[in-house]
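# Summary of the model geometry
Each chain, letter by letter, is given below.
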Amino acid sequence: MKINELHTLFLECNGFSTDTREISKNNMFFALKGENFNGNKFTNQAIEKGAKYIIIDEIAFNNSTKTILVNNVLETLQQLASFHRTYLKIPIIALTGSNGKTTTKELINTVLSKKYSTTATIGNLNNHIGVPLTLLSMDKNTEIGIVEMGANHKNEIEFLCNIAKPDFGYITNFGKAHLEGFGGIEGVIEGKSELYHFLIENNKYIFFNAEDKIQKEKTNNYIKKFGFSETDSNYYKIEYIEANPFVKLKIEDYKIASKLIGKYNFTNLCAASIIGKYFNVKLPEIKEAIENYTPTNNRSQIIEKGTCKIIMDAYNANPTSMKAALENFNNLKSKNKIAFLGDMFELGASAKQEHQSISNLAANYNIDFIYLIGENFNLTKNNSPKIKQYASFKDLKKDFNTGTIENATLLIKGSRGMALERLIDIL
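In short, a report on the structure. (Residues numbered from 1 in each chain as written. Predicted model: local features only at pLDDT ≥ 70, side-chain atom pairs only at ≥ 80, totals over all residues. Heavy atoms only, no water.)

Within the largest apolar cluster, 105 residues are counted, with the highest numbers of intra-cluster contacts made by Met-28 and Leu-341. Among the elements that make up this core, the one with the highest residue count is helix α11 (residues 266-278) (seven residues). In terms of nonpolar packing, the next biggest core, distinct from the first, is built from 21 residues, Ile-310, Tyr-390, Leu-420 and Ile-424 among them. (Core = buried A, V, L, I, M, F, W, Y, C linked by side-chain atoms within 4.5 Å. Buried < 20%, exposed > 50% of the residue type's maximum accessible area, 1.4 Å probe, protein only. Helix = DSSP H or I, 4+ residues; strand = E, 2+ residues; numbered from the N terminus.)

Take a look at the structure:
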């Protein structure tokens, strides 16, 4: 079956699913495969739950008028999503970067929603499956689509761009994330820049941070762009006021007080602001959108627990975001500051060096006590009396005395696999 024919059938459906537990009647079901599952095996269950069409790639399950046999379900999903994106003829904004992608995406969505009907990536469904699913979730009511793109190897962003065909794009930053897959920071820069390369090659529009030397260099000779800066009058000026703990900024005559902590969120706020400005959202509405946005999902959240204030930033971590979080914590005007730092994953050969560097940095900062958790942090060498190390969360939990922390400000930061939000239950 040709993709345009499949798309006609897709439009007959009232939605789609890749999980039979979430199927609604008249959905199109995609029988995806993974290392530990085979969606083809759930064909009968999908039929029983009322799926209108089931896309399969194993002939043994092609036993119903509802099944449609294709060569590869994942590739078909990607092709269908790309066709659907072209069919809708709406502007698509893509964003990638090492840190802050999801927060920036949510801020952009919040700002643009003041004027438009938007559809944005849910959570961090930003890979070769998540991007197609995001595109397929857009419909005739969507006026602007916002697509987050993640990658841990070169050529992945290029691949996702060819599916989503973005008209606009923004890179949050280039940091020490997924070093193992990218082969070092230069690989990160090259991989993330694939978004700007796509936009330039297709004469599309770029948003960028003019304070970032790499972004400025990558877009230097390109005309279709809109940048922001604190200092350069050639670009749209946005002034940083403070982050104690929440970020405050000034745009033209408007002072904006966000609910995001840390100066590292300033550029995320700037990006959402200039994109809103480009799409003619009025500044009072941009201000209102930003001031009403509250972070969730362990991303720079402030949580009150007993007599303690917790900065919960345990969604993910890499050396760049860890350094930024520690710098912010160091500058906070608080007494009795305690940091819980969990291992940073996917650093490859750089893991030992990067964990030691973060350990040294934390020891020299204005932080009263530091708990280092995980195999890599446990191997770091420290002479500081204010550092305690644990090979695992389980070891920390065994040793932890809940009566020792009162009237403190806590930072909790680590990679997703460390699941440090579990600390909430033992504090």
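Further notes follow.
Turning to the layout of surface pockets, a few remarks are in order. Its volume calculated, the second largest pocket comes out at about 310 Å³. Forming the boundary of the second largest pocket are 14 residues, of which Phe-10, Cys-13, Leu-136, Met-138 and Asp-139 lie nearest the centre. Put simply, the parts of the chain that give the lining of the second largest pocket at least two residues each are α1 (3-12) and α3 (73-88). Considering every element that reaches the lining of the second largest pocket, the biggest residue donor is α3, with three residues. (1 Å grid on protein atoms, 1.4 Å probe; cavity = no way out; pocket = protein on both sides within 12 Å on 5 of 7 lines; lining within 4 Å. Points joined across faces, edges and corners; volume = space filled by probe spheres on them.)

What follows is about the pairing of strand β16 (residues 301-305). Bridge count between β16 and strand β17 (residues 308-313): five bridges; the pairing is antiparallel. Note that in β17 the partner of Lys-305 across the bridge is Cys-308. In this structure, the hairpin formed by β16 and β17 is closed by a connection of two residues, where Gly-306 is found at a positive phi of approximately 60°. (Pairing = 2+ DSSP bridges.)

Okay, helix α8 (residues 185-192) next. Taken as a whole, α8 has its buried residues at Gly-187, Val-188, Ile-189, Gly-191 and Lys-192. Along its buried surface, α8 packs onto β7 (92-96), α6 (156-164), β10 (168-171), α7 (179-182), α9 (194-201) and α10 (213-218). (Contact = heavy atoms within 4.5 Å.)

Following the criterion strictly, the structure yields 16 aromatic pairs and no others. On the basis of an interplanar angle of 40° and a centroid distance of 4.6 Å, the ring pair of Tyr-205 and Tyr-278 is categorised as tilted. With Tyr-205 in strand β11 (residues 205-209) and Tyr-278 in helix α11, the pair connects residues that are 73 residues apart, well separated along the chain. You can call Tyr-205 buried: its relative accessible area is 17%. Measuring from ring centre to ring centre gives 5.5 Å for Phe-207 and Tyr-278, while their planes differ by 80°; the resulting arrangement is edge-to-face. Taken together, the residues Phe-207 in strand β11 and Tyr-278 in helix α11 connect sequence positions 71 residues apart. (Phe/Tyr/Trp six-rings, centres within 6.5 Å; stacked < 30°, edge-to-face > 60°.)

Overall, mixed pairing links the six strands, which are arranged β16-β17-β21-β18-β19-β20 in an open sheet. On the outer flanks of this sheet lie β16 and β20 (387-390), each paired with one strand and no other. Between one strand and the next, the sheet's axes are offset by a mean angle of 20°, whatever the strand orientation. Looking at chain direction, strand β19 (residues 369-373) and β20 are connected through four bridges and run parallel. The partner of Leu-372 across the bridge, within β20, is Gln-389. Where helix α14 (residues 351-364) meets the sheet, it contacts β18 (337-342), β19 and β20, and its direction lies at approximately 165° from that of β19. (Axes fitted to C-alpha atoms, helices over the stretch in contact; angles between N-to-C directions.)

Nonpolar side chains collect at one region of the surface, where Leu-11, Phe-83 and Tyr-87 lie side by side and expose about 270 Å² of accessible area between them. Note that Phe-83 resides in helix α3. Exposure remark for Phe-83: the relative accessible area of 32% places this residue in the partly exposed category. (Patch = residues over 30% accessible without salt bridge, like charges linked within 9 Å, V, L, I, M, F, W, Y side chains within 5 Å. Areas by Shrake-Rupley, 256 points an atom, 1.4 Å probe, with all protein chains shown as cover. Salt bridge = Lys/Arg side-chain N within 4 Å of Asp/Glu carboxyl O.)

Taking 1.5 Å per residue as the helical rise, helix α4 (residues 101-112) with its twelve residues ought to reach 16 Å, and the 16 Å between its terminal C-alpha atoms agrees with that figure. The buried count for α4 comes to ten of twelve residues, which makes it a mostly enclosed element. Within the span of α4, buried status applies to Lys-101, Thr-102, Thr-103, Thr-104, Lys-105, Glu-106, Leu-107, Ile-108, Val-111 and Leu-112. (Expected span 1.5 Å × (residues − 1).)

Along the chain, Thr-96 falls in strand β7. A relative accessible area of 0% places Thr-96 in the buried class. A polar side-chain atom of Thr-96 sits 2.7 Å from the main-chain carbonyl oxygen of Met-149. The residues contacting Thr-96, other than those within four sequence positions of it, are Lys-101, Met-149, Ile-157, Tyr-170, Ile-171, Thr-172, Lys-192 and Leu-195. (Polar contact = N/O pair within 3.5 Å; in protein donor to acceptor, adjacent residues only side chain to side chain.)

Bringing the sheet that holds strand β6 (residues 67-69) into the picture now. In spatial order, the strands read β1-β2-β5-β6; together these four strands make up an open sheet with parallel pairing. Both edges of this open sheet fall to β1 (16-17) and β6, since each of them pairs with a single strand only. Inspection of the sheet shows β1 paired to strand β2 (residues 28-30) by two bridges, in the parallel sense. Its bridge partner being in β2, Ser-17 is matched across the sheet by Phe-29. Across the sheet, α3 is in contact with β2 and β5 (53-56); its angle to β2 comes to roughly 130°.

Residue Pro-245 follows Asn-244 across a cis peptide bond; omega there is -5°. Within the element layout of this structure, Pro-245 appears in the loop between β13 (236-243) and β14 (246-251). Even without a glycine there, the phi angle at Asn-26 is positive, about 70°. Considering the arrangement of structural elements, one finds Asn-26 in the loop between β1 and β2. Classification of Asn-26 as partly exposed rests on a relative accessible area of 32%.

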